[in-house]
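Listed below are the residues making up each chain.
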Amino acid sequence: MLSFRARLTTIIISMVALSVIASGLLMLKTFEENHINVLEDTLEREMRLIAAQMDWVAGSNEELIDYYTERAIKLQELTDTRVTIIKSDGTVLADSNYNPREMDNHGHREEIIGALEQGLGKSTRSSDTLHQNMLYVAIPVTNTASDETYVLRLAISLAEVEQSISSLTVVLVVGLLILFVVAALISYRIALGLTKPLEKITQVAKRIKNMDYRARVEVKKNDEIGELGNAINAMADSLQIQMTRIRENENHLQSVLSNMINGVVMMDSQGSILIMNDRAEQILGISASKLIGRHYREIKQQYELSQLIMEGFETRKHIHEEITFYYPEERLLELNLVPIYQTHGTEFSGILLVLQDVSAIRRLERMRSEFVANVSHELKTPIAAVKGFAETLLGGAVKDEETAKAFLEIIYDESERLNRLIGDILELSKIESRRVPLILSPVNIAQFMVNTIAILEVSAHRKHINVNLSAPEELYMEADEDRLRQIFVNLLSNAISYTPEGGKVEVRISLTEQEQVRIEISDTGIGIPEKDLPRIFERFYRVDKARSRSSGGTGLGLSIVKHLVELHKGTITVQSVVGKGTTFILELPIMH
């Protein structure tokens, strides 16, 4: 396909060529007509003179032919034209070139008819006798001698005229070629001037089409093309602003989708997946790149989910369900399928699937339920004991001083245990709900641990247990001193409680490569079975229930310890071997 510049150049050249050719043809035609008109006028004047000077005679046709033929030959020599005299009936009386006796009747000739009817006849045609184009002009004349009407005709060859026209044609053709070349150059220059800005505008438009919205047209003139360039620039500005907003909105949407705690999957009306966020990938265990643009039935690992989505497409209603996924791991999910309609709410355009992992929520609900049950169970034992001994005393045992004293001591111990239990429950509740603000201050961990061990020195001495401390000097960390003491009092109390007499408890403090304080509390106690290790930080969980109760434990100490350690942004782990001892390992940051 020709370019616009080539087409424009061709059109301009064609128009110039047509105009020049038309002008040349018109010039040639005008030149020919003017030349012939001049010849006609000249011949007419000559014929008028001949008619006026001619001696007209009467006689027979033979006599007249001889007489007028002689006169015609003399007139040809004077006028350099062919002279013919014809009677009104078309009989040729004289001709300067041919024998009139052998010539046809000329009554039907155009110039003869014109002369007789209009007083002047003209005709241009090829002569049958001379075989060349001739101009014939004829006028009627009156033979004064016989009072007859004759026709005097002069004819002249048009060869000279045709030669002049041929010469002029050659000049015109050469001039036309020169003009054509000049016109072609000028046309190309004009087309180049018109199309070059358009080509630049086209290049800018293509860059804009390819999302390069910084492209601009350089406008040099304020004509129509300049206005087009300004319009393209304005359009590019508008598109750049709109695309910036669209990208910002896409980034915001992508950021929201990527950081949502729920999985989001969007499908079109045909069931093809359009959007799938990171959380949905984790829940479904399938990469979004493998599902985007594909049908939801390709989620083959989750047959129940596919059936639910199918139901959503069939009913086009909001569906809320909870189902259990076993791949890639077991999860309890809350599913919401929401039909999506266009703005006017009439045309169905797809379904939005929201996946919420409620496993932790249900686990917490179960733990809360277990907690209530455990609290009820733990409270029931001391209350039942207090009630039973109180009833016994009311039944008459109060009169026996020794029995009454023993029962009252038991009631007091149970009430103390009940008080500790309620206090620990309240403390744990406050810690879990984070209603216990930490008052942070620099703590010399070695000195702090010496003071904490001193608190438990009596209990350890009673069981002949040595508590050894190994700690670097001048090691400080930022912590809430009261809460930190609560952590280590619990751990050291447990170590002393579950270590037989004559045992040993060691506290080792060091600094890790990650700039954390590592505190290890080891004992040589009875140890914890491996199956119980994962659960020892649960509320009310006891490894040795009988011994725990006899020692006055509430079963909440380690749970409180774990929560307080986490409040300090630390971690706690345990290692134990039955019969050899237990080691609790805490890692706490130096600064928060």
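Source: prediction; values computed, not measured.

**Brief notes about the overall build of the chain**
(1) Moving on: Of regular secondary structure, the chain possesses 15 helices and 17 strands.
(2) Moving on: Within the chain, buried positions represent 38% of all 592 residues.
(3) Moving on: Accessible surface computed for the chain: about 34500 Å², of which carbon and sulfur atoms make up 54%.

**Observations concerning the packing of aromatic side chains**
(1) Moving on: Scanning the model with the defined rule gives eight aromatic pairs in all.
(2) Moving on: Centre to centre, the rings of tyrosine 68 and tyrosine 150 are 6.0 Å apart; their planes meet at 90°, and the pair counts as edge-to-face. Here tyrosine 68, found in helix H2 (residues 61–79), pairs with tyrosine 150, found in strand S5 (residues 148–157); they are 82 residues apart in sequence, far enough to count as distant.
(3) Moving on: Accessibility expressed as a relative area gives 0% for tyrosine 68, which makes it buried.
(4) Moving on: What makes tyrosine 150 buried here is its relative accessible area of 0%.
(5) Moving on: A connected cluster of aromatic rings, assembled from ring pairs, spans Trp56, Tyr67, Tyr68 and Tyr150.
(6) Moving on: The aromatic ring of tyrosine 136 is capped on one face by arginine 125, whose charged end is 4.1 Å from the ring centroid.

**Some remarks on a negative patch on the surface**
(1) Moving on: Together, Glu304, Glu311, Glu314 and Glu321 line one region of the surface with negative charge.
(2) Moving on: Along the polypeptide, glutamate 321 turns up in strand S8 (residues 319–325).
(3) Moving on: Among the residues examined, glutamate 321 registers a relative accessible area of 36% and is labelled partly exposed.

**Description of the pattern of salt bridges**
(1) Moving on: Enumeration according to the criterion identifies 20 salt bridges in this entry.
(2) Moving on: Between arginine 216 and aspartate 237 there is a salt bridge, and its shortest N-O distance comes to 2.4 Å. Residue arginine 216 is found in the loop between helix H4 (159–209) and helix H5 (224–259), and its partner aspartate 237 is found in helix H5; the two are separated by 21 residues along the sequence.
(3) Moving on: The salt bridge involving arginine 331 is made with aspartate 357; its shortest N-O contact spans 3.2 Å. Of the two residues, arginine 331 is situated in strand S9 (residues 331–341) and aspartate 357 in strand S10 (residues 348–357); the sequence distance between them amounts to 26 residues.
(4) Moving on: Classification of aspartate 357 by relative accessible area gives partly exposed; the value is 22%.

**Observations regarding the pairing of strand S14 (residues 504–511)**
(1) Moving on: Two elements, strand S12 (residues 466–470) and S14, share five bridges in a ladder whose sense is parallel. From the neighbouring strand, leucine 469 faces S14, where its bridge partner is valine 507.
(2) Moving on: As defined by bridge partners, S14 adjoins strand S15 (residues 516–523) across seven bridges and the pair is classed as antiparallel. Paired with glutamate 506 across the strands is serine 522, a residue of S15.
(3) Moving on: Between S14 and S15, which follow one another and run antiparallel, lie four residues, and glutamate 515 among them has a positive phi close to 60°.

**A word on the sheet that holds strand S16 (residues 571–577)**
(1) Moving on: The mixed open sheet is built from five strands, whose spatial order is S12-S14-S15-S17-S16. Strands with a single pairing partner mark the edges of an open sheet, and in this sheet they are S12 and S16. Within this sheet the neighbouring strands show an average axis-to-axis angle of 15°, counted without direction.
(2) Moving on: Lying over the sheet, helix H11 (residues 445–455) contacts S12, S14 and S15, oriented at roughly 175° with respect to S12.

**A few points about the nonpolar core**
(1) Moving on: Formed by 41 residues in total, the largest nonpolar core has its most connected members in Leu484, Ile487, Phe488, Leu491, Ile519, Phe584 and Leu586.
(2) Moving on: For this core, the elements supplying multiple residues, two or more each, are H11, strand S13 (476–479), helix H13 (481–497), S14, S15, helix H15 (557–567), S16 and strand S17 (581–589).
(3) Moving on: In this view, phenylalanine 488 contacts Phe448, Met449, Thr452, Ile519, Ile521 and Leu586; residues no more than four positions away in its chain are not counted.
(4) Moving on: Residues Met47, Leu64, Leu93 and Tyr150 belong to the second largest nonpolar core, which totals 29 residues.

**Considerations on unusual backbone geometry**
(1) Moving on: Despite not being glycine, arginine 316 has its phi angle at roughly 55°, a positive value.
(2) Moving on: If you trace the backbone, arginine 316 turns up in the loop between helix H8 (303–315) and S8.
(3) Moving on: Relative accessible area serves as the criterion here: at 42%, arginine 316 is assigned to the partly exposed category.
(4) Moving on: Phi is positive for histidine 464, close to 55°, though the residue is something other than glycine.

**Digging into H5**
(1) Moving on: With 36 residues, H5 extends 52 Å from end C-alpha to end C-alpha; this agrees with the ideal 52 Å at 1.5 Å per step.
(2) Moving on: If you check which residues of H5 are buried, you get Ile225, Gly226, Gly229, Ile232, Asn233, Ala236, Met243 and Leu257.
(3) Moving on: On its buried face, H5 sits against H4, strand S6 (263–268) and strand S7 (273–276).

**Structural notes on the sheet that holds strand S1 (residues 82–87)**
(1) Moving on: Taken together, five strands build an open sheet; the order of strands is S2-S1-S5-S4-S3 and the sheet is antiparallel. A strand with exactly one partner marks an edge of an open sheet, and here the two such strands are strand S2 (92–95) and strand S3 (121–126). Recorded for the sheet is a direction-independent mean angle of 20° between the axes of neighbouring strands.
(2) Moving on: Strand direction decides the pairing type here: S1 and S2, joined by three bridges, are antiparallel.

**Digging into a positive patch on the surface**
(1) Moving on: Residues Arg189, Lys196, Lys200 and Lys220 make up a contiguous surface patch of positive charge.
(2) Moving on: If you trace the backbone, lysine 220 turns up in the loop between H4 and H5.
(3) Moving on: Using a relative accessible area of 66% as the deciding quantity, one classes lysine 220 as exposed.

**Some thoughts on the pairing of S16**
(1) Moving on: Burial along S16 is one-sided: Ile572, Val574 and Ser576 are buried, while Thr571, Thr573, Gln575 and Val577, pointing the other way, are not.
(2) Moving on: In terms of strand pairing, S16 meets S17 through seven bridges, oriented antiparallel. Bridge pairing links valine 577 to glycine 581 in S17.
(3) Moving on: Once S16 ends, the chain turns through three residues before running back antiparallel as S17, passing glycine 579 with a positive phi of about 85°.

Rules used in this analysis
Residues numbered from 1 in each chain as written. Predicted model: local features only at pLDDT ≥ 70, side-chain atom pairs only at ≥ 80, totals over all residues. Heavy atoms only, no water. Helix = DSSP H or I, 4+ residues; strand = E, 2+ residues; numbered from the N terminus. Buried < 20%, exposed > 50% of the residue type's maximum accessible area, 1.4 Å probe, protein only. Areas by Shrake-Rupley, 256 points an atom, 1.4 Å probe, with all protein chains shown as cover. Phe/Tyr/Trp six-rings, centres within 6.5 Å; stacked < 30°, edge-to-face > 60°. Lys NZ or Arg CZ within 6 Å of the ring centre and 35° of its normal. Patch = residues over 30% accessible without salt bridge, like charges linked within 9 Å, V, L, I, M, F, W, Y side chains within 5 Å. Salt bridge = Lys/Arg side-chain N within 4 Å of Asp/Glu carboxyl O. Lys, Arg positive; Asp, Glu negative; His and termini not counted. Charge placed at Lys NZ, Arg CZ, Asp CG, Glu CD. Pairing = 2+ DSSP bridges. Axes fitted to C-alpha atoms, helices over the stretch in contact; angles between N-to-C directions. Contact = heavy atoms within 4.5 Å. Core = buried A, V, L, I, M, F, W, Y, C linked by side-chain atoms within 4.5 Å. Expected span 1.5 Å × (residues − 1).

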